[in-house]
Amino acid sequence: LATDPVLIAGNHQQKKWFYGRMNDGDLAAFCLTEPGAGSDVGGLSTRCIRDGSDYILNGTKQFISNGGVAGMYTVFATLDKKRGYKGHCAFMVDRHTPGITIGPPEDKLGIRSSNTTQVIFEDVRVPAKNLLGKEGEGFKICMKTLDLSRAAAASMAVGVAQGAFECAINYSQERTQFGQPICKFQTIQFMLADMAMYVETARLLYQKACSLQDMGLPFTQMSSLAKCWAGDAAMKVATDAVQIYGGYGYSKEYPVEKYFRDAKIMQIFEGTAQVQRMVIANSIIKG
Ligand SMILES: Cc1cc2nc3c(=O)[nH]c(=O)nc-3n(C[C@H](O)[C@H](O)[C@H](O)COP(=O)(O)OP(=O)(O)OC[C@H]3O[C@@H](n4cnc5c(N)ncnc54)[C@H](O)[C@@H]3O)c2cc1C
């Protein structure tokens, strides 16, 4: 996600610098969300002001994955909030630039091994050569980035769903009640059958989004279909996996409670399930 703005809008020198640093072991983080601007990306208020050969950045980014461990950031800011989307700019920022501070790690429900923090910019001087594309192109770069990343987010959700599904299959064959394995009960069988449908359809959707992308065809709608369906599928499958485990599914002794907690974020980050439905509906109506 963090690397895509550079891929989309970076010139040769910018790519060399950013990917060179990553090649040397730096992680990257994508800094878009703010305390007051989540789904409403257009409402971001981190300011960027041109000052000689630099821009000066001020603002707070919220829920940044890798925020505390990345060496490089891609950051979205506005020249003037009144200009709306047209005022947005995208930058590559070195984490060690003076004026950047990192908030404490979020104490999260799931994906707890992923570092999530605020990243705060106070009078941070960023060389103008780190501007990606032109002034005012930030929103376009951001939307293209999210288009690209949604199929990958969907594939993560499929991984969660697949893991929960496999646990549920195994457990249903091992656990006996009323003198037989619980997989002999039709209600359990139907839950497993539904899980198989969710996992396979989610996988096919993200693969279709990727193949459209590879063929150079429009893929925005398919990426959102994949992200939305796979996120919902992960939540549904993980919930049913906990159900198949009964009380043991609620215990940290077994893996499905972790899948259940990890699944929820798939409906939230990189555009919530509601935002995906808005993208899909808009593309259907516009044709
Ligand atoms: C663990 C984690 C990691 C994250 N990583 C990153 C990251 O690396 N970089 C980054 O920039 N951001 C990151 N985010 C932020 C994430 O993308 C946002 O949380 C998400 O986009 C939603 O924004 P919000 O939390 O402000 O919710 P809000 O936008 O306030 O939404 C609240 C609710 O209202 C709904 N809603 C909002 N607008 C509408 C509408 N117009 N119509 C219908 N429903 C609507 C939403 O769907 C949601 O259900 C991360 C978040 C988390 C929790």
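Here's a quick rundown of the structure. (Residues numbered from 1 in each chain as written. Predicted model: local features only at pLDDT ≥ 70, side-chain atom pairs only at ≥ 80, totals over all residues. Heavy atoms only, no water.)

Within the structure, the ligand sits among 18 residues, and Thr33, Ser39, Phe63, Thr272 and Gln274 are positioned closest to it. Within the backbone of Leu32, an N or O atom sits 3.0 Å from an oxygen atom of the ligand. Between the ligand and Ser65, the relevant distance is 2.9 Å, taken from a nitrogen atom to a side-chain nitrogen or oxygen of the residue. Considered on its own, the ligand offers 980 Å² of accessible surface; in the complex 64% of this is hidden by protein. When residues of the shell around the ligand are traced back to their parent elements, those giving at least two are strand 3 (54–65) and helix 7 (273–286). Residue contributions to the shell around the ligand peak at three residues, all from strand 3. Its residues assigned to classes, the shell around the ligand shows nine nonpolar, seven polar and two charged. When residues of the shell around the ligand are assigned to domains, at least three map to each of domain 1 (4–136) and domain 2 (141–286). (Near = heavy atom within 4 Å. Polar contact = N/O pair within 3.5 Å; in protein donor to acceptor, adjacent residues only side chain to side chain. Areas by Shrake-Rupley, 256 points an atom, 1.4 Å probe, with all protein chains shown as cover. Helix = DSSP H or I, 4+ residues; strand = E, 2+ residues; numbered from the N terminus. Nonpolar A, V, L, I, M, F, W, Y, C, P; charged D, E, K, R; others polar. Domains from an automatic or database assignment.)

This part takes up the packing of helix 3 (residues 138–174) against helix 5 (residues 220–245). Taken N-terminus to C-terminus, the directions of helix 3 and helix 5 make an angle of 20 degrees; their axes are 8 Å apart at the nearest point. Judged on the interaxial angle alone, helix 5 and helix 3 are roughly parallel. Like other packed secondary-structure pairs, helix 3 and helix 5 cross with a definite hand, here left-handed. Here the residues of the contact of helix 3 with helix 5 sort into 20 nonpolar, five polar and three charged. (Axes fitted to C-alpha atoms, helices over the stretch in contact; angles between N-to-C directions. Parallel < 35°, antiparallel > 145°, perpendicular 65-115°, else oblique. Left-handed = near helix turned anticlockwise from the far one by under 90°.)

Attention now goes to the packing of helix 5 against helix 7. Where helix 5 contacts helix 7, the two axes come as close as 9 Å, and the packing angle between them is 145 degrees. Here helix 5 and helix 7 pass one another in a crossing that is left-handed. Of the residues in helix 7, those touching helix 5 at Thr220, Gln221, Ser224, Leu225, Lys227, Cys228 and Asp232 are Ala273, Gln276, Arg277, Val279, Ile280, Ser283 and Ile284. Grouping the amino acids of the contact of helix 5 with helix 7 by side-chain chemistry returns six nonpolar, five polar and three charged. (Contact = heavy atoms within 4.5 Å.)

Structurally, Glu34 is set in the loop between strand 1 (28–31) and strand 2 (47–51). Judged by relative accessible area, which is 4%, Glu34 ranks as buried. In this structure the side chain of Glu34 is engaged in a polar contact, spanning 2.6 Å, whose partner is the backbone nitrogen of Ser45. Each residue touching Glu34, except ones within four places of it in the same chain, is listed here: Leu44, Ser45, Thr46, Thr60, Lys61, Gln62 and Phe76. (Buried < 20%, exposed > 50% of the residue type's maximum accessible area, 1.4 Å probe, protein only.)

A few words on the environment of Arg175. Locating Arg175 in the fold gives a position in the loop between helix 3 and strand 9 (176–177). The exposure class assigned to Arg175 is partly exposed, which follows from its relative accessible area of 29%. Residues Arg175 and Val158, spaced 17 residues apart in sequence, show a C-alpha to C-alpha distance of 25 Å. Apart from the residues lying within four places of it in its own chain, the contact partners of Arg175 are Gln180, Pro181, Ile182 and Tyr248.

By the criterion of burial, strand 5 (residues 88–94) is predominantly enclosed, with seven of the seven residues buried. Of the two faces of strand 5, the one carrying His88, Ala90, Met92 and Asp94 and the one carrying Cys89, Phe91 and Val93 are both buried. Alignment of strand 4 (residues 72–78) against strand 5, held across seven bridges, turns out to be antiparallel. Within the sheet, the bridge partner assigned to Tyr73 lies in strand 5 and is Val93. Inspection of the sheet shows strand 5 paired to strand 8 (residues 131–132) by two bridges, in the antiparallel sense. By the bridge assignment for strand 8, Ala90 is matched with Leu132. (Pairing = 2+ DSSP bridges.)

A few words now on unusual backbone geometry. Unlike most non-glycine residues, Phe63 shows phi in positive territory, near 55 degrees. On the secondary structure map, Phe63 appears in strand 3. At Phe178, a residue that is not glycine, the phi angle is positive and equals roughly 50 degrees. Tracing the chain through its elements places Phe178 in the loop between strand 9 and strand 10 (180–181).

With 32 residues, the main nonpolar core has Leu192, Met195, Val237 and Ile244 as its most contacted residues. Here the element with the most residues in this core is helix 5; it accounts for eleven residues. Membership of the second largest hydrophobic core comes to 21 residues, among which are Ala29, Leu79, Cys89 and Val119. (Core = buried A, V, L, I, M, F, W, Y, C linked by side-chain atoms within 4.5 Å.)

Our focus in this paragraph is the packing of aromatic side chains. Enumeration over the complete set of coordinates arrives at eleven aromatic pairs. Taking 5.8 Å as the distance between ring centres and 75 degrees as the angle between the ring planes, the aromatic pair formed by Tyr248 and Tyr254 counts as edge-to-face. When its relative accessible area of 38% is taken as the criterion, Tyr248 is described as partly exposed. (Phe/Tyr/Trp six-rings, centres within 6.5 Å; stacked < 30°, edge-to-face > 60°.)

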